Amino acid sequence: MALAEAKANAIIERLRIEGHVEEDAQATLLITADTVVVSHGMVREKPNNKEEAREFIKGYSGGHAAVIGSVVVSNLTTGIRKGAWEKAEVYFHEIPDEIIDSVIEEGSTLHVAGGLTLEHPLTSPFVEAVVGSTDTVWGLSKALTEKLIKDNLVAVKIT
């Protein structure tokens, strides 16, 4: 949540519209999000290098990881902000070392939280199960985002 909030604050600051309120103005919503992976009690963001990516993926092999996705919806017109998070669990079969090496050499592992994407064609056969929303694992829960948008717009009508 802190990272999604920080992203919203940084964008709002860049736009220089913090605190901007206009009566009867249409709502302008800013949606920010962040995802982290938790494995073996450690928070995993984007790996810093290939060795860290290898360590992350080997840690998932034959085990599981939790993916926590946070979403913040900020109403730039009213200043109202709503945020929440969702968790999904991903269970893995054993991932062979040659598959891990191939995925790492491709380079995509350095650009995603936890160093691995669920839908990668080399590793997707080794995903045993996903408990929770696949959207959460992909980085943005559609259902949670829709709920926060509705909650934000309802809050505007109430105030």
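Residues numbered from 1 in each chain as written. Predicted model: local features only at pLDDT ≥ 70, side-chain atom pairs only at ≥ 80, totals over all residues. Heavy atoms only, no water.

As named in an unreviewed UniProt entry, the chain is bifunctional dttp/utp pyrophosphatase/methyltransferase protein-related, taken from Salix koriyanagi.

(A) Structural detail: the nonpolar core. By size, the foremost hydrophobic cluster in this structure holds 21 residues, and its most contacted members are Tyr60, Val90, Phe92 and Ile95. Among the elements of the structure, α2 (50-60), β3 (64-75), β4 (81-92) and α3 (97-106) are those that each provide at least two residues to this core. The contact partners of tyrosine 60, leaving out residues within four places of it in the chain, are Val37, Ser39, Arg44, Ala65, Phe92, Gly114 and Leu116. (Core = buried A, V, L, I, M, F, W, Y, C linked by side-chain atoms within 4.5 Å. Buried < 20%, exposed > 50% of the residue type's maximum accessible area, 1.4 Å probe, protein only. Helix = DSSP H or I, 4+ residues; strand = E, 2+ residues; numbered from the N terminus. Contact = heavy atoms within 4.5 Å.)

(B) Local environment of the packing of aromatic side chains. As enumerated under the stated definition, the model contains one aromatic pair in all. Judged by centre distance (5.6 Å) and plane angle (15°), the rings of tyrosine 60 and phenylalanine 92 are stacked. Here tyrosine 60, found in helix α2, pairs with phenylalanine 92, found in strand β4; they are 32 residues apart in sequence, far enough to count as distant. With respect to class, tyrosine 60 is no different from phenylalanine 92; both count as buried. (Phe/Tyr/Trp six-rings, centres within 6.5 Å; stacked < 30°, edge-to-face > 60°.)

(C) Molecular detail of the pairing of β4. Bridging between β3 and β4 involves 11 bridges; their strand directions are antiparallel. Bridging across to β4, valine 72 finds its partner in glycine 83. The antiparallel hairpin formed by β3 and β4 contains five residues in its connecting segment, where glycine 79 sits at a positive phi of about 85°. Of the strand pairs in this sheet, β4 and strand β5 (residues 127-131) are connected by four bridges, and their pairing is antiparallel. For glutamate 89, the partnering residue across the bridge sits in β5 and is valine 131. (Pairing = 2+ DSSP bridges.)

(D) Representation of empty space enclosed by the protein within the structure. Tallied over the entire structure, the rule returns one cavity of 30 Å³ or more. Lining the largest cavity, in full, are Gly69, Ser70, Val71, Glu86, Thr136, Gly139, Leu140, Ser141 and Leu144. Among the elements that line the lining of the largest cavity, the one with the most residues is β3, at three residues. Its residues assigned to classes, the lining of the largest cavity comprises three nonpolar, five polar and one charged. (1 Å grid on protein atoms, 1.4 Å probe; cavity = no way out; pocket = protein on both sides within 12 Å on 5 of 7 lines; lining within 4 Å. Points joined across faces, edges and corners; volume = space filled by probe spheres on them. Nonpolar A, V, L, I, M, F, W, Y, C, P; charged D, E, K, R; others polar.)

(E) Here's a closer look at the packing of α2 against α3. Where α2 meets α3, the axes come as close as 10 Å, and the angle between the chain directions of the two elements is 140°. As summarised for this structure, α2 and α3 are arranged oblique, according to the angle between their axes. For the pair α2 and α3, the crossing hand works out as right-handed. Judged by residue contacts, Lys50, Ala53, Arg54, Ile57 and Lys58 of α2 engage Asp97, Ile100, Asp101, Ile104 and Glu105 from α3. Here the residues of the contact of α2 with α3 are counted per class, giving four nonpolar, no polar and six charged. (Axes fitted to C-alpha atoms, helices over the stretch in contact; angles between N-to-C directions. Parallel < 35°, antiparallel > 145°, perpendicular 65-115°, else oblique. Left-handed = near helix turned anticlockwise from the far one by under 90°.)

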